Amino acid sequence: VRSIFGNDLARLKNYPRSELDWSISRSTGVLFGSILGQASTLLAEGTVAWLILFVFFIADWFSAGVVIVYFGSVLLIFQLLTRGVLGKSGKAVSAGSITISQAILDFFATFREINVSGRQAFFYQRIYESRSSLAMGQARSNYMGAVPRLIVEFALIAGAIGFFALENWRSNGNPDY
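My aim in this report is to walk through the structure given alongside it, one point at a time.

Calculation rules
Residues numbered from 1 in each chain as written. Predicted model: local features only at pLDDT ≥ 70, side-chain atom pairs only at ≥ 80, totals over all residues. Heavy atoms only, no water. Helix = DSSP H or I, 4+ residues; strand = E, 2+ residues; numbered from the N terminus. Buried < 20%, exposed > 50% of the residue type's maximum accessible area, 1.4 Å probe, protein only. Contact = heavy atoms within 4.5 Å. Areas by Shrake-Rupley, 256 points an atom, 1.4 Å probe, with all protein chains shown as cover. Expected span 1.5 Å × (residues − 1). Phe/Tyr/Trp six-rings, centres within 6.5 Å; stacked < 30°, edge-to-face > 60°.

## Let's talk about the overall build of the protein
Looking only at helices and strands, the protein has six helices and zero strands in total. For the protein, the sequential pattern of α-helices and β-strands runs α-α-α-α-α-α. For the protein, the proportion of its 177 residues judged to be buried stands at 20%. If you take every contact in the protein between residues at least 6 apart in sequence, the share linking residues at least 24 apart comes to 64%. By element, 68% of the accessible surface of the protein is carried by carbon and sulfur atoms, the whole surface being about 13000 Å².

Following this line, the structure appears as structure tokens:
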């Protein structure tokens, strides 16, 4: 708020009202509501994963190395494939929220002129396109939020089967559990 309102009036006038609304009120809710919650979950689950790997490394260092390389490659491939999609969905949500707010503010500010000139269809279309962009960005973001869990669960099952096969091969069919 200080960076926006703490400067001169000319700079303040450069910001549309909808962008000010997003920056001051809604972006904070997105930050604290979802991003920090996801970060704390990542920290907790990451700590548990490192503890399991540490104990696994103490028990059998070769197998622990194979598991680390396997899951590291799964995570790296997933990161490379989804990085662009998450950035685009975040930009679409932000731009859609700002555009829809601006369209509604413009519609309210010039309501009488719009009705007299018969330009309602233009503003309806503008609001529709903004809502579509916002909805697609949110849907893409929600979908990408669910996909990592499915991929990790699949990788875990495939890794368990692969680990069993590796141990069976290493012990010539007589694993020593």
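## A word on helix 6 (residues 120-170)
With 51 residues, helix 6 extends 73 Å between its outermost C-alpha atoms, agreeing within 8% with the 75 Å of an ideal straight helix rising 1.5 Å per residue. Of the positions making up helix 6, those classed as buried are Gln-120, Phe-123, Ile-127, Ser-130, Leu-134, Gly-137, Met-144, Val-147, Ala-155, Gly-159, Leu-166 and Glu-167. Where helix 6 ends, the next residue or the one after it, Asn-172, has phi of about 55°, a positive value.

## Points about the packing of aromatic side chains
Centre distance and the angle of the planes are the two values used to describe a pair of aromatic rings. All told, the structure shown has three aromatic pairs when counted by the stated rule. Geometrically, the ring pair formed by Trp-61 and Phe-62 is edge-to-face, given 6.3 Å between the ring centres and 90° between the ring planes. Relative accessible area serves as the criterion here: at 61%, Trp-61 is assigned to the exposed category. Judged by centre distance (5.0 Å) and plane angle (70°), the rings of Tyr-70 and Phe-71 are edge-to-face.

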